[in-house]
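# Descriptive structure summary
Listed below, chain by chain, are the residues.
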Amino acid sequence: MILQIKEISIFSEIFLSISIIFLTLHGVFLSYNKFNKFLLLQNSILSLAVLILVMSSFLIFNEHLFILDYLSFNYSISNDYLSFLTKILIGVITIFFLLIIEQYLLDQKINHFEYILIILYSVLGLFLLCSANDLITAYLAIELQSLSFYLLAAFKKNSTFSIEAGLKYFILGAFSSGLFLFGASIVYGVVGSINFDDFKDLFFWLSPGNKFEFLQTNLLQFGLTFILISLFFKLALVPFHLWAPDVYEKSPTSSSFFFAVVPKIAIFVLLLRICYYSFFGFIDCWRYYIIIISFLSVLVGSFAGLEQRKLKSLMAYSSISHMGYLLISFSTGSIEGIQMLFNYIIIYMISGFCIWGIFILTRLKNNYSKKGNKDLGDLTLLKKSNKILAFVFSLTLFSVAGLPPMVGFFVKFGVFLSAIEASMYFVALFNILFSVISTFYYIRIIKILYFEKILVGKLYYPIKTEKFIIIFLFFYLFIFLFINPTFLYLISYKVSLLFF
Amino acid sequence: MVEHWNHNPKDKGSKPFFIKFMFLNSLSYFFSNIIILSCFMVIFVNNSILSTLFLVLSFIAASCLLFLFECEFIALMFVIIYVGAIAVLFLFVVMMLNVKTINLTKNNFKYLPFAFFVGVVFLIESFLIISQNFKNNSYYQKIFLNSYKNWYDKLDSLTEIEIIGQIIYTHYVLQFLVAGLILFLVVIGAVILTADFSYKNLKNQSSYKQLSRKYQNVLLI
């Protein structure tokens, strides 16, 4: 069989997997060796991992989509603009993430070099998930990604909290993977294929609003519901969210940074491929309960966030409510909805990166900080000790809350606009009200940063300039994209148009 | 199953055929009931060795069921992998680890009513949908006409291992490699989470302790 150039598509994944294996061998032979006296390799491995990720993002960037076949590897990998864009986003964000967490790993004495290897593994899983075009590939990619997440959550072996978080994440994740497999097997039993392209070819003639009188599709919808529920488990939407605050709170901060910021986009890509690409005719079936779930998750994310005293669980609830907003624009069923979804998720990743990055970089000067869990009170009067950091933090929070001088306003506005265009007036109205409520806890953090009535604030270790430049780069994007959002709108519009 | 096979006009009334499928049906019901019962026992039995043995029983019954469906290769793999490796591994874990006996039987029934309720609702719903869907062939005389195909002409005489090999190594190469990567990741994770590289607390086998263990006081869950 002659393999043509246009069929070889996933260079970046192949490169990443081979280099992970080489990195493992390198680390094992150097580090676990009596003669080398168990060298600590994690800094050099971290730099190598950054290099590998830069190269694989470069490989993605060089993939010319118009030369490649649309589907490759027996129709199981799709090379479209959606996977291209999301893979680049994930790669770039992970590079900066690795650069930011370096100091934290030193402080927390996470000395095994495998931590970084596992992060690379999860990036590989996310890349595969972005380009998966059938249910088996998607399942394997989800497994690769979530198994590495369980390990990341449980990585700090000497802390019971971390072990508990890992165990909890593992049990619930395994449960949701089981649901995915159950749903996928039902879908396979009914349709006779696992390929998204086949689904599209089989069900293209079902237009929305059809009553399917001549074809019973109950069992298919049953299986589809299970697949969606398992993906909602991974996204931590409301009836399935109970693991999220615990896991975020108890696992090491660098791990929960990664859980919160990076993987959501890949799961949304899979959701888009299932609900829009293959089963768009069934939109009347999945739409209503998706709207209910999004409504509930915005509700719980806004109200339960008011009670939180720890910054990490606060961010967990905030991420739950953001997933709710994303699901609103997901359920509209229009091209504008997908465009707004992408706008929102890109800004969500950037702003989440800023907040978690600042959170991980501020290190208190006392023994208490070794515990790694920060109360909101630990940030009191950050204005006095580090003026620019406080300024950046507060403006990022404004953007997350959706206040006008930042780009967060535009994307939230876009989500509600797409909901109103799809005549979901009540959903839009109530979600705007909930969004006002959730603004309260963002502004409370700003009040703690600036206007606390205490004479003595906290002292922090100085932050390295290189790290702060990264944060400031992302912060600059907020203002730049507010002044000139064309770039954001252009790429998201291209994704949403080329997707169908 | 029986009624379905009787629809075949050639074999109508032929007794050996009917008896064969009767026999296969009853055997498959028998083995699937054994699977369900042993799964229940795995959960509800207090002694963990007994529950592991019930796990082995459920695997063996599943492989028997696969033999009935003529998937010999997968059935043998089931026996070798699950019964041979995993169950023995479980037994080793149970025998070696000195986990203190904790009696959790009281808490077991705390959530039982709610779980029972949810499970029954789920079961009824799935039964309803499945029975609704397979009552009649929804494609029959509708849009997609089923044309008659003699499947025996279409079959190649390939053995099962050949077919699985062809599928794995040509159609699903990528997925096969990803599964290998997942196993690699799991090995790394297991080593990290369990191994302790300091010299102070090396784990040694104390044969006295192992020999003095008895069947009664192995950990209860």
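Up top is the structure.
To keep things clear, this report deals only with the structure shown in the data block. (Residues numbered from 1 in each chain as written. Chains lettered and ligands numbered in written order. Predicted model: local features only at pLDDT ≥ 70, side-chain atom pairs only at ≥ 80, totals over all residues.)

### What about the overall build of chain A?
Of the regular secondary structure elements, chain A holds 21 helices and two strands. Rg of the C-alpha trace for chain A: 22 Å, near the compact-globule value of 23 Å for 500 residues, within the 12% margin. Expressed along its principal axes, the backbone C-alpha trace of chain A runs to roughly 75 × 60 × 40 Å. Counting all 500 residues of chain A, 51% fall into the buried class. A sequence separation of at least 24 residues applies to 80% of the contacts in chain A between residues at least 6 apart. (Helix = DSSP H or I, 4+ residues; strand = E, 2+ residues; numbered from the N terminus. Rg over C-alpha atoms; globule rule 2.2 N^0.38 Å. Buried ≥ 20, exposed ≤ 12 C-beta atoms within 10 Å, placed from the backbone. Contact = placed C-beta atoms within 7 Å.)

### Focus: the nonpolar core
A general trend in soluble globular proteins is that nonpolar side chains are found buried together. With 166 residues, the main nonpolar core has A:L120, A:L129, A:L270, A:Y344, A:I345 and A:M349 as its most contacted residues. Of the residues forming this core, the biggest block, 18 residues, is contributed by helix 15 (residues 335-361) of chain A. For A:L120, the residues in contact, after removing those within four places along its chain, are A:L16, A:I20, A:A49 and A:I52. Counting residues in hydrophobic clusters, the runner-up holds eight residues, among them B:L55, B:V56, B:F59 and B:A75. (Core = buried A, V, L, I, M, F, W, Y, C linked by C-beta atoms within 7 Å.)

### Topic: the interface of chain A and chain B
With 28 residues of chain A in contact, the opposing surface of chain B contributes 22 residues. Taken together, the elements giving at least two residues each to the side of chain A that touches chain B come down to helix 1 (11-31), helix 5 (114-131), helix 6 (135-153) and helix 9 (218-235) of chain A. It is helix 6 of chain A that provides the largest number of residues to the side of chain A that touches chain B, a total of eight residues. Split into classes, the residues belonging to the side of chain A that touches chain B amount to 16 nonpolar, nine polar and three charged. (Nonpolar A, V, L, I, M, F, W, Y, C, P; charged D, E, K, R; others polar.)

### Considerations on the environment of A:F35
Within the secondary structure layout, A:F35 lies in the loop between helix 1 and helix 2 (42-61). Along the primary structure A:F35 and A:Y441 are separated by 406 residues, whereas in three dimensions their C-alpha atoms are 54 Å apart.

### Details of the packing of helix 3 (residues 81-100) of chain A against helix 15 of chain A
Residue and element names in this part refer to chain A. The contact between helix 3 and helix 15 brings their axes to 11 Å, and the two run at 5 degrees. Comparing the axis directions of helix 3 and helix 15 gives the class roughly parallel. Within the contact between the two elements, helix 3 uses L89, I93, F96 and I100 and helix 15 uses I346, M349, F353, G357, I360 and L361. For the contact of helix 3 with helix 15, the residue count by class is nine nonpolar, one polar and no charged. (Axes fitted to C-alpha atoms, helices over the stretch in contact; angles between N-to-C directions. Parallel < 35°, antiparallel > 145°, perpendicular 65-115°, else oblique.)

### A few points about helix 6 (residues 112-133) of chain B
Here helix 6 of chain B contains 22 residues, and its C-alpha end-to-end distance of 31 Å stays within 8% of the 32 Å for a straight helix at 1.5 Å per residue. Counting buried positions along helix 6 of chain B gives zero out of 22 residues, so the element sits mostly on the surface. (Expected span 1.5 Å × (residues − 1).)

### Structural notes on the packing of helix 14 (residues 311-330) of chain A against helix 15 of chain A
All names here are of chain A. Between helix 14 and helix 15, the shortest axis-to-axis distance is 9 Å and the interhelical angle comes to 170 degrees. When the axis of helix 14 is compared with that of helix 15, the two are roughly antiparallel. Contacts between helix 14 and helix 15 pair L311, M315, H322, Y325, L326, S329 and F330 from the former with G337, M340, L341, Y344, I345, Y348, I355, W356 and F359 from the latter. Tallied by class, the residues present in the contact of helix 14 with helix 15 amount to 13 nonpolar, three polar and no charged.

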